[in-house]
Structure formats: structure tokens, C-alpha cells
Amino acid sequence: MKMNTLRSLLLVSFLSGLCLAAAAQKVDSMMNIYRDNFPHEKIYVQFDKSYYTAGDKIWFKAYLMNGPFQSDISRTVFAELVNENGTVVQQATIPVLNASAASNFEIPTNYSGRSLYFRAYTKWMLNFDTAFLFEKNLPLITTASTAATKPAAANATSFQFFPEGGDLVSALESVLAFKANDKYGLPVKVRGYIKNAAGKKVTDFATGHDGMGSLKFTPAKGETYAAVWKDSTNKETTTALPQAKETGVVLNAMGSTGSVVYTVKRSEEGGNDFKQLIVEAHMDQQLVYRAKMKLEESSSNSGRIPVDQLPSGILQVTVFTADWKPLAERVVFVNNNDYVFDAQFRPLLKNLAKRGKNVIEIEVSDTSLSNLSVAVTDLNANAPLEGEDNIYSHLLLAADLKGYIHNPGYYFNSFADSVVQQLDLVMLTHGWRRFKWEDLVQGKLPQIKYPVEDYITLNGTAVGVDPSKLGKDNQMNLIIQYKDSSKQFMFVDVSKGGKFTLPGLVFYDTAKVYYQLNGKNRQNGSLSLSMDNDLLKGYPFLQALNANKNVGLLPPADVIAKNKALLEQSIQQETERSKKAKMLEEVVVRARTKSAEQKLDERYTSGLFRGGDGYSFDLTSDVAAGGYISLFNYLQGKVPGLQISSSGPTGATLSWRGGSPDLYLDEIRTDASAISSMSMSDIAYVKVMRPPFFGSAGGGGNGAIAVYTKKGGDATGGADFKGMSQVTISGYTPVREFYSPNYAQDNPLNDLTDLRTTIYWAPYIFLGKEKKKISLNFYNNDISKSYRVVIEGVNDAGKLTRVEEIVK
């Protein structure tokens, strides 16, 4: 009998072990699925200035990241400008180029609010918690702005407690963090004490850095507690502490050199649920640590998580029961000082006189391709804000935490122990992006409403025809005429239901799409086309931003005064500027002449293939071109660094800067064999684009070669649209070019006073192995005696840079 009982117990134990092992495998499998199929994308946006005035242009550039690397998920960024009432007043759709997107907004001259709110996101980000979209308050200096203080309206203080690990547990000591802020999210100083239900004082407390603090606290079993506190108004307020659980575990974690040390304590009661635990650590959806913890003989145990080989960022530590129920969770910031690449700034020519010419140089030492943006602004009109969010603080910290963080840049300005401790208070008092562990264990996956897109995708449906008669023999002939009158010819397969899809288009403003069916049962007489561009329509409803959210501090009074004076002068001369600009436009139109190469480029190319940095070859004018066996034979020796050699059936092997350039025939992706087999008499124009070529998937890190065939009967650049219907489709938001005057040339606008506070803005600067430095020229305005230079960027290795210099 005893032997049978023992066998039964062993069998139960064995089956239980198998179940736990199976559960662990399921959790691992699901985490891999989340990591591979549901990555978290995040955005940081650099602006030209920290604050603006009515009538200003807001120049900005968004950087997209997936964990510690540049994101290759999304192809479009959506940006919004929101007023204080939560109404979207301007919108922009921007193509992603090399994991970044640049554009601008213009603030209406009659806007009178104190702030505007900027929001940026991708469609992919809308599949998950929208609390992690990029949002920033942009303070406005108006003629009514008076002081660099928080708003004067009645402002109640919010005071909250945050037990480390998530819960207080009776009879277990744990860290209890707290935070005080006003309705705008700004920190408030608070002082008070904790009392029990009988009114007896238990301990005193006071906030420290930015309205945060912590204390060690042990709740008695069955007891309740409240905090009695006062802020600067000296009004006494009572706030209840979170109710302690009767049984459970508490988690304590702290950073140490090369590791995170943690301690788990359990209740004496609670049965077997807390005696065998699992501790896991994750970073960027990657499992980096797992340990089994036995608390059978002792009520506490400790461990050490090695982090010296991890990238800098937020580490999520979670304690589970043996059957994967989460009990406690904590986030810790890991700073291995490994996230920076070196960028140097040098003023080669400094001239702060009125309209003086300046030359600056930017150099990188890293061989990885670096994507940079630079803003040069009037220092006296755009003074730095203390602790302002930047590329380091946002991508490593703020983008992964819920809620407003005051002056996040402060935590990356120093490595002092005091700053490290203050940063840990941020970890204790803010929410974070976490797995929904219950869903993960049960095998539930997120619902994806917005799949990954491929730039503008034309989704068309043939209307007015019998779809049952359409099939594999039918194609849709499309001629896309862009706003600049360039054209692109396409042939798209049509499904039996009359549907077709054309992905990967990049164009701005609008385009006319001329269409015609070919093949059997064409039915063009009754054909019409229903088409959309796969961009968001009307923008999805998101939680409204309003005046009660994160109203930023204005700069010092002298900076406000200067901006107010400039605003008034700008308003006075706006009418005269419009007249001069119209005169200039007329002069430019009369004087503008196009080179033969420009005419050829406009005739054959479109979208991202137009213009750019590279080499062009006009084979219609090159009488020697017909003597070459193939195009690759023709190109040999004509492009520095491009190596071409014969190679088997493909006809040629190409190498440029360590890789093979992408090949296009009439802007359709092709291969070397197709190009090699072409007759030279059929080729009109060839473009060799230096890397990166943004028209290629993945950013075209090895450049591209685009081959264009001759067009019959279109010597004037026209196209035969006879008999073809057309529909107009919207593209990306047109982008204005930043106006940087050249005072070495005559210009009617030169007669006006130059009041620009943004002196120079360059959103796309690419440096790397082939080109490590660049010189930039710009002219001073009529008012600046010093300027502020801010350079930010990301390289292909996912490293970040930020350089801020003052030139006086």
C-alpha cells in the first residue's frame, strides 16, 4: 500500500514537472513569436528650435528605431500638430528614408495659444499601446508671454505611491517610492508623514529630486495607512497608501558594476505558491536572464543578473510562480555607456557680422553610415532649456516609459552616483512597456489592424465591368503622371475579381493615374476605377492632447522679450516680404534655364529616381555607345569605385563599396542578366546613384543603377493618353525646402531685414567610410551675435550622437 502511494506521488511529481517544462517551452516560443513578429517601433523627433512664435516654420526630422537598432519596419511616418483644445490643425504624411523622415509645419500667424502639441507615429505603432507614440509640447512665445514660469491657473497637486515590484505585502519590508506633480506634470515639493488607522505616526517623508522620493516601509498585517502631506500652499492633504496584500512576494533590484542585484522575499504564509519561483529579465523583447529560485528553507533569496554585455537601456525583471503567474515586476536602467558614436563639430569660418558668411565642418570617426541632422539657431532667441529631451534620453528612456518625465535630458548629462540614484526613482515611479503575461502563457497574439506597409500602395478595383470575365489574361495599363509632369508607365496583373495592387510608390502632393485594361474581355468602354493609396484616412482617433498635459516651461525673460520683438517686426514686414517674393518668383521664372542633363532627367525619371547624387549617361547623344557589347562593358571605368567583371550566365558581377548595387530597368527592379542581354540601341539614359539610394528597399546601402529604354513617339516628353480614363490619387505631403539666403548674389529679398531665428537647417547629412566629413555654408542674419548648433543622428550600428556647441 505504501509503495503504491509512493509510486502515485512520484507519478504526480513527474507529470507536474513535465507540465512546468511544457509551460516554459510555450512561454519561450511565444516570446520568440512576439520578438520576431510584433516588434516595438519607437520614434524620436529632432526640432530646429525648442520654442516658437506665431508664423514660424517648425522644421523636424523623425528617427525610427526598433530596440537598439534602426527600424526597417515602417515606410511612412504620420505627424500631427494639435492645438490646446485637442484639435488636429495640421497633418503630414512623410516617406521613411534610411529609417528617418523629415518635413515641416507652419504655425498660423494668427495662432494665439500658449502651446502646440506635436505627435508622430507609424501605422505599425497603432497596433499597440498608443501611450508610446511620440508626443512633445512646443511652447509658443506670443505678444502676451510674460514669464518663464508654470501657468498661473489654479493647479492642484497629485501625489502617488509606487511599491517596488508592484505591491506591498504584509510583514515584508520593501521600497515605497512616491511622486508629486501638478496637473501639467511638473514636479512639486511635498513634505509629510505616514500614519496608521489609529492615527499614529509611522514615519516622515519628503520629496527630493523633481518631486520624487522613496522610503523603506513594512506594513503590519491587517493594518491600513495614509500619508498626510503639504505642498507649497501649506494645505494639508491626506492620501491613502496602496493596500498591502496578506501574502505574496516583494522584489528589490538595484544596479551594480556589470550586473543588477536582486532580492526576492516571500510571505511565511501562502503555501507552496511562493516556494519555487522563476526570475526572468528582458530587454527589447529579448530574454537575457532566467533563474529558478527556491524559497522552501528560507523566506528570501538573492541573485545577480550580468548586464555588462547588454546594450544600454531598460531591463525588465519579473518574478513568476512555478506555473508562470507573474508576482512582481521592476524596471532598471542599464547604462554601459556604449550607445554613442563620435561626431566632431568645427567652425572653419566664423563671421557674426550682419549677413556674414560662416562655414562649419562635421566629421565622424566611425565607418558605419551615419544619418545626421543639424540645426543652427540664434542663441539669444533659442536658448537651451535645462534637461530638455534629446536623442539619448528619448530613445533610451522616455520612449519605453509611460507618463511624462520631467527634464529627461538631465539624466544623461552626468554619470554621478546621485544622478544614477535619481534615474532609479524615475524607474520606480513610471509605467513601462510590458508583456501581457497571461495572454502569452495562453498563446494569445496581438490583433494587428495595421499591417506593415510598403510606402504608397495603390489598391485598385475595376468598376463597371463584369469581374467574372477578368482573369490571368488581363493586365491594367497605368500611366502615372506626377505633379511635376513626369510620368511612369506600369503594367499590373488584375485578379479575377478585378482587383490589383501596386506597392512601393513615393510621390508628393497628387498624381493622375491613367488606366486601361488589356487582354481578353477588356470592357474599357464601361470601365471605371476605384482606388486608394493605403495611407491613413482622416487619422484614427487617439486620446486628445489638451492644455492640461505637459505644458512646458518658457525660457528666461530676456529670451521671451527678444522673441516678442522679433515677432512684432516680422508681422510689420510680412506684406513687403510677400511683394518681394512674388517679384523674385517672376525673375527666377524668366531667368531659369535647364541643362540638357536636367531635361533628360525630367523626361525619363520619377519619384526618388529623379535628381540625386550620382552619375548620368545620355546614350542618345553618345555616338560611341553603339560600339559596346553591353551596358556593363560601357560603364567600366566610368564610375569611380564601381567594379564590373564578367561572370557566367548572368553576364556580369558588380561590386561597389563592398556590395552589389541594385539594378532597375525603367524603375522596375531587375537583375544583371536582363541588363546584359539588352541591345545598346534600346537604351536612352543611365543613372548610377551613390549609396544610400532611398528608392531601394532597406535604404540602398550599395547604391543603384537605373537603366531607361528609349520612348517611341515621345520626343517632346509627352505621353499618349488617348482613350484612357484617369483618377487623381493623393501622395505624401509636399515638403518645403529650407530657405538659406546667399547674400553673395543679388536678390530682391535682400532689401528686407533678415530676422531668421533658424539660421540653417539640414535634415539629411550622410557620412561614413567613404565620406567622413562635410563642410556646410550659411549666412548670418541681421540680428544674431551668437548661434547655437545642435547635431543629432543615428548610424547603421544603432549608435546615437548629439553635439551641442555655442559659437560666439
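All values derive from a computational prediction rather than experimental measurement.

So, on to the overall build of the protein. The number of helices and strands found in the protein is eight helices and 46 strands. Every one of the 808 residues in the protein was classed for burial, and the buried ones make up 50%. Considering only contacts in the protein between residues 6 or more positions apart, those separated by 24 or more positions represent 72%. Put simply, the protein shows about 37,600 Å² of open surface, and 49% of that area lies on carbon and sulfur atoms.

Okay, the environment of F274 next. Looking at where F274 falls in the secondary structure, it is placed in the loop between β18 (259-266) and β19 (276-283). In sequence terms F274 and T321 are 47 residues apart; their C-alpha atoms lie 6.5 Å from each other. In this structure F274 touches T247, G248, V249, R266, E269, L295 and L327, once residues within four positions along its chain are discounted.

Attention shifts here to the environment of Y411. Mapped onto the fold, Y411 is located in the loop between β27 (401-402) and α3 (417-429). Sequence separation between Y411 and S393 is 18 residues, and the spatial gap between their C-alpha atoms is 7.4 Å. If near-sequence neighbours (up to four positions away) are discounted, Y411 is found in contact with H209, D210, M212, L397, I405, H406, V419, Q422, L423 and V426.

Here we take up the packing of aromatic side chains. In the structure shown here, the tally under the stated rule is 36 aromatic pairs. Aromatic side chains F217 and Y225 sit 4.9 Å apart centroid to centroid with 85 degrees between the ring planes, which places their arrangement in the edge-to-face category. For the pair F217 and Y225, a shared accessibility class is recorded, and that class is buried. Grouping aromatic residues by their ring pairs yields a cluster made of Y44, F47, F60, F105, F118 and F134. For K638, the ring lying beneath its charged end belongs to Y634, and the centroid distance is 4.2 Å.

With that settled, consider the pattern of salt bridges. Pairing is possible between side chains of opposite charge, provided their charged atoms come close. If you walk through the whole model with that rule in mind, you get 24 salt bridges. Here K42 ties to D400 by a salt bridge, and the two come within 2.9 Å at their closest N and O atoms. Taken as a pair, K42 in strand β1 (residues 41-47) and D400 in the loop between α2 (391-396) and β27 lie far apart in primary sequence, 358 residues in all. Summarising the burial analysis for this pair, K42 and D400 share the class buried.

Time to look at unusual backbone geometry. The residue R355 is not glycine, and still its phi comes out positive at about 60 degrees. With respect to the helices, strands and loops of the structure, R355 is situated in the loop between β24 (343-349) and β25 (357-364). When its relative accessible area of 22% is taken as the criterion, R355 is described as partly exposed.

So, about the sheet that holds β24. Strand order in the open sheet formed by three strands is β24-β25-β44, with antiparallel pairing between adjacent strands. On the outer flanks of this sheet lie β24 and β44 (773-779), each paired with one strand and no other. On average, each strand axis in the sheet is inclined to that of its neighbour by 25 degrees, with strand direction left out of account. Relative to β44, β25 runs antiparallel, the two sharing seven bridges. The residue bridging K357 from the neighbouring strand is Y779, located in β44.

Taken in spatial order, the four strands make up an open sheet running β43-β26-β45-β46, and their pairing is antiparallel. Edge positions in the sheet fall to β43 (758-767) and β46 (800-807), since each has one partner strand and no second. Neighbour to neighbour, the strand axes of the sheet diverge by 10 degrees on average, direction disregarded. Pairing geometry for strand β26 (residues 370-378) and strand β45 (residues 787-795), over nine bridges, is antiparallel. In the sheet register, D378 faces β45, and the bridge partner there is Y787.

Relative to the elements of secondary structure, S74 occurs in the loop between β4 (69-70) and β5 (76-82). Side chain to side chain, S74 and E41 meet in a polar contact 2.7 Å long. At 3.3 Å, the side chain of S74 and the side chain of T122 are in polar contact. Residue contacts for S74: discarding those within four places in its chain leaves E41, L64, V96, T122, W124 and E453.

Bridge analysis of strand β15 (residues 225-230) against strand β16 (residues 236-240) gives five bridges, and the strand direction is antiparallel. Across the sheet, the residue bridging to K230 is E236, located in β16. Where β15 folds back onto β16 in an antiparallel hairpin, the turn is made up of five residues, including N234, whose phi is positive at roughly 65 degrees.

What counts and how
- Residues numbered from 1 in each chain as written.
- Predicted model: local features only at pLDDT ≥ 70, side-chain atom pairs only at ≥ 80, totals over all residues.
- Heavy atoms only, no water.
- Helix = DSSP H or I, 4+ residues; strand = E, 2+ residues; numbered from the N terminus.
- Buried < 20%, exposed > 50% of the residue type's maximum accessible area, 1.4 Å probe, protein only.
- Contact = heavy atoms within 4.5 Å.
- Areas by Shrake-Rupley, 256 points an atom, 1.4 Å probe, with all protein chains shown as cover.
- Phe/Tyr/Trp six-rings, centres within 6.5 Å; stacked < 30°, edge-to-face > 60°.
- Lys NZ or Arg CZ within 6 Å of the ring centre and 35° of its normal.
- Salt bridge = Lys/Arg side-chain N within 4 Å of Asp/Glu carboxyl O.
- Pairing = 2+ DSSP bridges.
- Axes fitted to C-alpha atoms, helices over the stretch in contact; angles between N-to-C directions.
- Polar contact = N/O pair within 3.5 Å; in protein donor to acceptor, adjacent residues only side chain to side chain.

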